[in-house]
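Structural characterization, general
This is what each chain is made of:
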Amino acid sequence: MRTINGIDEIESLIGQELGSSEWMTMDQDAINTFADVTGDHQWIHVDEARAAEGPYGATIVHGFFTLSLIPKFSTEVFTIEGVSIRVNYGLNKVRFLQPVVVGSRLRGTISVKDVIRGDKGTQVILEHTIEIEGQDRPACVAEVVTLLVE
C-alpha cells in the first residue's frame, strides 16, 4: 500500500497510477448477498440454472456490486495522511464495459486524474479501472471525486 503525505503530494501525482489492489474472486454467495441487500434479484444474477442458458452462460455480477468494490480496492492501494477527513463527494462518470461472470477475479487500478483546491476542501478526482483477470477490457471505469479536508 502506498502512503501519500497530504494534498501537495497527491497533487504532484496527477496523471500517475497509484497502483493496483489484490485480485478478488466474485462468487455466487457474494452475488446473492448483494441481491438480498439491494433487492435486485434479477434472474441473470441469482438464478444459476436459467443464467446457464442465458447470454453469458452463467450468472453475472451486478454492475453496482462491481462499482461498490471501489472503497475496498482503494484501501488496498493507498492511504492519505495529513488530512482530517476524507469523504465521497460524487462520481463524474461511470461506465460498465463488460459483464463480470461468476467466478471471475477482479482488481482495481487507480490513477490520479485531477486535484481541485477549494474553500471547503480539496476535490481529488481518481480514475478507478476495475479489471477482469485475463480480459482485455475492464468491467468498469469510474471517475470518483473524493473531498479532502486538512
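The sections below set out a description of the structure shown in this document. Please read all numbers here as calculations on a predicted model, not as lab measurements. (Residues numbered from 1 in each chain as written. Predicted model: local features only at pLDDT ≥ 70, side-chain atom pairs only at ≥ 80, totals over all residues. Heavy atoms only, no water.)

Things to note about the environment of T3
- Tracing the chain through its elements places T3 in strand β1 (residues 2–5).
- Of the residues examined, T3 reaches a relative accessible area of 36% and is grouped as partly exposed.
- Taking the C-alpha atoms as reference points, T3 and T79, separated by 76 residues in sequence, lie 5.0 Å from one another.
- Non-local contacts of T3, meaning those with residues more than four positions away in its chain, are made with E9, T79 and E81. (Helix = DSSP H or I, 4+ residues; strand = E, 2+ residues; numbered from the N terminus. Buried < 20%, exposed > 50% of the residue type's maximum accessible area, 1.4 Å probe, protein only. Contact = heavy atoms within 4.5 Å.)

Concerning the packing of aromatic side chains
- The final tally for this structure, using the stated rule, is two aromatic pairs.
- With a centroid separation of 4.8 Å and an interplanar angle of 5 degrees, the aromatic rings of F34 and F65 are classed as stacked. Of the two residues, F34 is situated in helix α2 (residues 28–38) and F65 in helix α5 (residues 63–68); the sequence distance between them amounts to 31 residues.
- What makes F65 buried here is its relative accessible area of 8%. (Phe/Tyr/Trp six-rings, centres within 6.5 Å; stacked < 30°, edge-to-face > 60°.)

Considerations on the pairing of strand β6 (residues 105–118)
- Examined bridge by bridge, strand β2 (residues 17–20) and β6 share three bridges and lie antiparallel to one another. Looking at the pairing, E17 lines up with S111 of β6.
- Note that strand β3 (residues 24–25) and β6 share two bridges and pair antiparallel. Directly across from T25, in β6, lies its bridge partner R105.
- For β6 and strand β7 (residues 121–132), the ladder comprises twelve bridges, and the chain directions are antiparallel. (Pairing = 2+ DSSP bridges.)

Details of the pattern of salt bridges
- This model, assessed by the stated rule, comprises six salt bridges.
- It is possible to trace a salt-bridge network through shared partners that takes in D8, E11 and R117. (Salt bridge = Lys/Arg side-chain N within 4 Å of Asp/Glu carboxyl O.)

With respect to helix α6 (residues 70–77)
- For α6, the set of buried residues is I70, F73, S74 and V77. One side of α6 carries all its buried residues, which in axial view fall inside an arc of 105 degrees. (Arc of directions from axis to C-beta.)

A few points about the layout of surface pockets
- Its volume calculated, the largest pocket comes out at about 270 Å³.
- Forming the walls of the largest pocket are 16 residues, and the residues nearest its centre are I70, P71, N88, V144 and T146.
- Sorting the residues of the lining of the largest pocket by element identifies α5, α6, β5 (85–96), β7 and β8 (140–149) as the ones contributing at least two each.
- When residues of the lining of the largest pocket are assigned to their parent elements, the largest contribution, five residues, is made by β5. (1 Å grid on protein atoms, 1.4 Å probe; cavity = no way out; pocket = protein on both sides within 12 Å on 5 of 7 lines; lining within 4 Å. Points joined across faces, edges and corners; volume = space filled by probe spheres on them.)

Examining the side chain of H45
- You can see H45 is positioned in helix α3 (residues 43–46).
- For H45, a relative accessible area of 7% corresponds to the buried category.
- A polar contact of 2.7 Å, which involves the side chain of H45, links it to the backbone oxygen of I60.
- With residues up to four places along the chain from it excluded, the contact list for H45 reads Q28, I31, N32, D40, T59, I60, V61 and H62. (Polar contact = N/O pair within 3.5 Å; in protein donor to acceptor, adjacent residues only side chain to side chain.)

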